[in-house]
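Notes for the structure review
This is what each chain is made of:
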Amino acid sequence: MSLLKRIERGSGQAEVREAKSAPSPSPIRVKSPESQRRRAPNTAQRDAFKDLKERIQDKLVAELDPAMDISRTDEVRRTIQDMYEQILTQENIILSRSERERLFEGIVAEILGFGPLEILLADESVSEIMVNGPEKVYIERKGKLTLSKVSFENNEHVLKVIDRIVSPLGRRIDESSPLVDARLPDGSRVNAIIPPLALNGPTLTIRKFEKDPLTIDDLVRFGSMSSETAEFLRACVIARLNIIVSGGTGSGKTTLLNVLSSFIPEDERIITVENAAELQLRQEHVVTLESRPPNIEGKGEVTIRDLVINTLRMRPDRVVVGECRGGETLDMLQAMNTGHDGSLTTAHANSPRDMLSRLETMCLMAGMDLPVRAIREQIASAVDMIVQQARLRDGSRKVTHCTEVQGMEGDVIVMSDIFVFEQQGIENGKIIGRLKPTGIRPKFYDRIEAAGLSLPPNIFGVTVRY
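Attention in this report is confined to the structure presented alongside it. (Residues numbered from 1 in each chain as written. Predicted model: local features only at pLDDT ≥ 70, side-chain atom pairs only at ≥ 80, totals over all residues. Heavy atoms only, no water.)

Overview of the sheet that holds strand β4 (residues 179-183)
Filter applied, for reference: Strands are treated as partners if at least two bridges between them are detected by DSSP. In this description a helix means any DSSP run of H or I spanning at least four residues, a strand means any run of E spanning at least two, and both kinds are numbered starting from the N terminus. To get an axis, a line is fitted to the C-alpha atoms, and for a helix only the part in contact is used. The angle between two axes follows their N-to-C directions and goes from 0 to 180 degrees.
Strand order in this open sheet of six strands is β3-β2-β1-β6-β5-β4, and the pairing throughout is antiparallel. Unpaired on one side and paired on the other, β3 (144-147) and β4 mark the two borders of the sheet. Geometrically, the sheet is characterised by an average inter-axis angle of 15 degrees between neighbouring strands, direction not taken into account. In this structure, strand β2 (residues 137-141) lies alongside β3, joined through four bridges in antiparallel fashion. Opposite Glu 140, over in β3, you have Leu 145 as the bridge partner.

Below, the structure written as C-alpha cells:
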C-alpha cells in the first residue's frame, strides 16, 4: 500500500460517518471569568501546538513521494525527519529540543503508526488500552485502571486510527457494520465499536500482548501458579491430555493457553483456530487459521465452527482453539473423542463446575436435538482436565483450580480437584495465598507414566513412607 493511500485511507468514509453519527451539540456552559482566565493560557498553547502539528504534517504529506514503501520504516522515518528539519528552518520555527522531538514523534505516529496510541503501545507497563471517545483514554497497569493523559482531536481522528488497524486485515467498520474484532501486527487483541451503537463516540479496546511471550517460569515468578503445578501441567500437555482453560474476561486465559501450547513437542503438527490470531506458538510446524466476518453483502462468512470441522481434514496432531463460544464446542468435543488427543481450548466460566454447564449449553447451540445425558457423556469422555484462571480483587491473575474430569456416575459428571488456590490473607492490598495440592492423585496419572514421564508423589501432597 502506498504511503499516500495509507494516510488518506478511511478519511472519506470517516467524514461521512462523523456527519451521520455525530451526537447532537451539547448545551453551551458559561464559565466564570476567573475560570476562563485560569484556563486560557493552557488552551491557547495547546491549540497553537495542534495547529503547528497539523500544518507541518499536511506539508510533509504533500511533499512525500506517494509511491514510497512504508514497510521500510527506518528509511521512511529518516526521510520524514530530513523534510521536517527543512520545514522548521524554512519557516523559522523555533522550538526547544523536547518540543521538537515531541512534535516529530507525534507526526511520525500519525503517518506511520496509530497516532496518539503509539506512546501507550510502546509502554510495556500498560497491559490494556480503552478509548472511550476522543477525550477519555483509560489504561490498565498491574490490574488497575487509570485515566491517561493521551487524547484524540475528535471522533474523526479516532475513526481514522480504527480504520488503519482493521483495513490491512481485510475487515471494515462503518454504519452497516459498526463493530469489529481485529488484531495489531504484534498479535494484540482489538475490539472497536462506533456510533450509532457507541453513544460516547468511537470506542476502542486493545489488550496488549507481551513482545516476548510469557513462559511458565514467568507465571511461577509472578505467583500465578506454584512450581509443582507448572511441572504437573507440563506433564499433562506432553501426555496428550485434553485440557480446557476456563475463567472470566481478562483473567489471562489466552496467556495461559499460549504457555501450555509451548509444551507441545516440536515434532507434532499444530493447527490453531481463532477469531483473531493471537496465539504466539514458537514451534515450527504450526498452521494458523482465522475466522472471517461476512462482507458488505452479508456473504462469505467463515465461522470458528467451519474452521474446526475443516481442521480435522488437515491431519492435525494437536488442535488448539482460541476460544469456544458456541456450536463449535460440539465439534471440538467430538475431535477430542476421535483420536485428536492433546487438544487445548479456552472458554468463559467462573468455576470448573460452571464450565461443565457452559459446555452443555454451547453444545446445544450447535442446533442438534441431543439429550442432555448424551452431551454429558461426550464431555466426560472428551475432557480430561479443567484449569481455572481468575483475576483476583487486587488485579493479580492466578490459577485457582486444576480439576480432573473423572467420568459419569448416573447423570452427574464426577470431578476431583488436584490443586486449589488457598487464600491466606491480604498484605498491603495484595492477596497472599498459594496453589496447594489436595492430596488426590489423578486417575489419568497412568497416561502420564505411559508417556515416559514421572512426577514425584509429593507434587500431589502425598506423603511417602519408607
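Right, picking up where we left off after that structure.
Things to note about the packing of helix α13 (residues 352-364) against helix α14 (residues 372-382)
The line we're drawing: We call two directions roughly parallel when the angle between them is under 35 degrees, roughly antiparallel when it is over 145, roughly perpendicular when it lies between 65 and 115, and oblique otherwise. By convention, the crossing between two helices is left-handed when the near helix turns anticlockwise from the far helix through less than a right angle, and right-handed when the turn is clockwise. Any two residues whose heavy atoms approach within 4.5 Å are treated as being in contact.
Axis separation between α13 and α14 bottoms out at 10 Å; the angle between their running directions is 120 degrees. One finds that α13 runs oblique with respect to α14. The two elements α13 and α14 cross, and the hand of that crossing is right-handed. Contacts between α13 and α14 involve Leu 356, Leu 359, Glu 360, Cys 363 and Leu 364 on the former and, on the latter, Val 372, Ile 375, Arg 376 and Ile 379.

Considering unusual backbone geometry
A cis amide bond, omega 10 degrees, links Pro 195 with the succeeding residue Pro 196. Inspection of the secondary structure puts Pro 196 in the loop between β5 (189-193) and β6 (203-207). Despite not being glycine, Arg 315 has its phi angle at roughly 55 degrees, a positive value. As for its placement among the helices and strands, Arg 315 is situated in the loop between α11 (304-311) and β10 (318-321).

A short note on the packing of aromatic side chains
Operational definition: A pair of Phe, Tyr and Trp rings is counted when the ring centres sit within 6.5 Å of each other, with Trp represented by its six-membered ring. The angle between the planes then sorts it: under 30 degrees is stacked, over 60 is edge-to-face, the rest tilted.
Within this structure, the stated rule accounts for four aromatic pairs. On the numbers, 5.5 Å between centres and 50 degrees between planes, the contact of Phe 232 with Phe 419 is tilted. One end of the pair, Phe 232, is in helix α9 (residues 227-238); the other, Phe 419, is in strand β14 (residues 412-427), with 187 residues separating them in the sequence. Among the aromatic residues, ring-to-ring pairing joins Phe 232, Phe 419, Phe 444, Tyr 445 and Phe 460 into one connected group.

Section: the pattern of salt bridges
Stated precisely, the cut-off is as follows: In the sections that follow, a salt bridge refers to a side-chain nitrogen of Lys or Arg positioned within 4 Å of a carboxyl oxygen of Asp or Glu. With a 1.4 Å probe rolled over the protein chains alone, any residue whose accessible area is under 20% of its type maximum counts as buried; one over 50% counts as exposed, and the rest are partly exposed.
One pass over the full model with this rule turns up 22 salt bridges. The closest approach of N and O atoms between Glu 128 and Arg 207, which form a salt bridge, is 3.5 Å. One end of the pair, Glu 128, is in strand β1 (residues 128-132); the other, Arg 207, is in strand β6, and 79 residues separate them in sequence. The buried category is assigned to Glu 128, whose relative accessible area is 9%.

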